[in-house]
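Now for the letters of each chain:
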Amino acid sequence: MSPLLKVSDLTMRFGGLTAIDALSFEAEQRKITSLIGPNGAGKTTVFNCLTGFYRPGGGSISLSDDTGTLELTRMTGHRINARGRVARTFQNIRLFARMTVLENLLVAQHVSLHRSWFPAVGGLWNSAAYRQAQEKAIDVAASWIERLDLEDWADQEAGSLPYGHQRRLEIARAMCTGPRLLCLDEPAAGLNGAESVQLAKLLEEMRTEFGVGILLIEHDMKMVMDISHHVIVLDYGRKIAQGSPQEVRNDPAVIRAYLGAEQDDDLDDLIGDDTTGREIEA
Ligand SMILES: Nc1ncnc2c1ncn2[C@@H]1O[C@H](COP(=O)(O)OP(=O)(O)OP(=O)(O)O)[C@@H](O)[C@H]1O
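My aim in this report is to walk through the structure given alongside it, one point at a time. Remember, predicted model here, so these are calculated numbers, not experimental data. (Residues numbered from 1 in each chain as written. Predicted model: local features only at pLDDT ≥ 70, side-chain atom pairs only at ≥ 80, totals over all residues.)

Looking at the nonpolar core
Judged by nonpolar contacts, the single largest core of 70 residues is most densely connected at Trp144, Cys176, Leu181, Leu182, Cys183, Ile214 and Val233. Here the element with the most residues in this core is helix α6 (residues 163-176); it accounts for six residues. Discounting chain neighbours no more than four positions away, the residues touching Leu182 are Ala87, Ala174, Met206, Val212 and Ile214. (Core = buried A, V, L, I, M, F, W, Y, C linked by C-beta atoms within 7 Å. Buried ≥ 20, exposed ≤ 12 C-beta atoms within 10 Å, placed from the backbone. Helix = DSSP H or I, 4+ residues; strand = E, 2+ residues; numbered from the N terminus. Contact = placed C-beta atoms within 7 Å.)

As structure tokens, this is what we get:
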């Protein structure tokens, strides 16, 4: 069966800097694929190409499932989200701070409410079909509020939530759109130990219960090693290693990229102690 996501020879340049250099990799449905690498390796740039924020200079990006293959390379971000069903979260949380938790989740579904012109026109006349779609959106939002323990915060402004809650809300907002591929950019950043454990459990539920493929950028190496099925390691925009967490952690090229050191140094020293992760940026 084809992989959910196939990236081939992806290249992205900023002036004289090659941020992504002929990168190819795949991600499977219902699996967690992690993109790791030192600072500036190109991880977020990959997400920006996948989600239409950047137009890559070369290569192709496609999504496949049993209904067929969709070429994303030249699509706008809006269409990638609506047609491709690709959702993302950001390294720096981007919620609508002055809207309530519930409103954030309803706005997210606006795209699916307006996938065609019909409901948009229906909205003008407040048609039954439009009202039904709105009710469904509220149900979906409510179910994510409950699942992520945000009930007490539903009517609060998103910007007033504690940091860990805002991270959860971002994930809820992405999941509300019914994605088949979810791209999470450092979701554990700023979380405490207990919140990181809760996040790992949530990601596991999302892939098993909702069947989403998860593409994860994360600098919490323990989390990456614990929950990933497949790990891709970037350095200077190139793939330097890929494989299971075990394979990757023993790969000399990965050890060199992280430690700038000889092969007898040990990545395990970096895994397990630090969850703030700045000096083990992944
Ligand atoms: N819009 C841009 N304009 C110019 N250079 C950029 C732009 N976006 C990214 N870069 C450069 O591309 C390279 C890759 O950056 P990117 O943010 O993708 O790395 P990263 O692996 O996500 O890093 P980090 O772990 O620090 O978030 C860096 O050298 C960065 O400075």
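Let's talk about unusual backbone geometry
Of note in the backbone geometry, Ala22 takes a positive phi value of approximately 45 degrees without being a glycine. Structurally, Ala22 is set in strand β2 (residues 17-27). A positive phi angle, close to 50 degrees, is found at Tyr236, a residue other than glycine. Along the polypeptide, Tyr236 turns up in the loop between β9 (230-235) and β10 (238-243). For Tyr236, a count of 16 C-beta atoms within 10 Å translates into the label partly exposed.

Remarks on the site of the ligand
In the region of the ligand, 12 residues are neighbours, and Phe14, Ala19, Lys43, Thr44 and Thr45 sit closest. Contributions of two or more residues to the shell around the ligand are made by β2 and α1 (43-50). Here the shell around the ligand gets three residues from one element, more than from any other, and that element is α1. Of the residues belonging to the shell around the ligand, the class tally is four nonpolar, six polar and two charged. (Near = placed C-beta within 6 Å. Nonpolar A, V, L, I, M, F, W, Y, C, P; charged D, E, K, R; others polar.)

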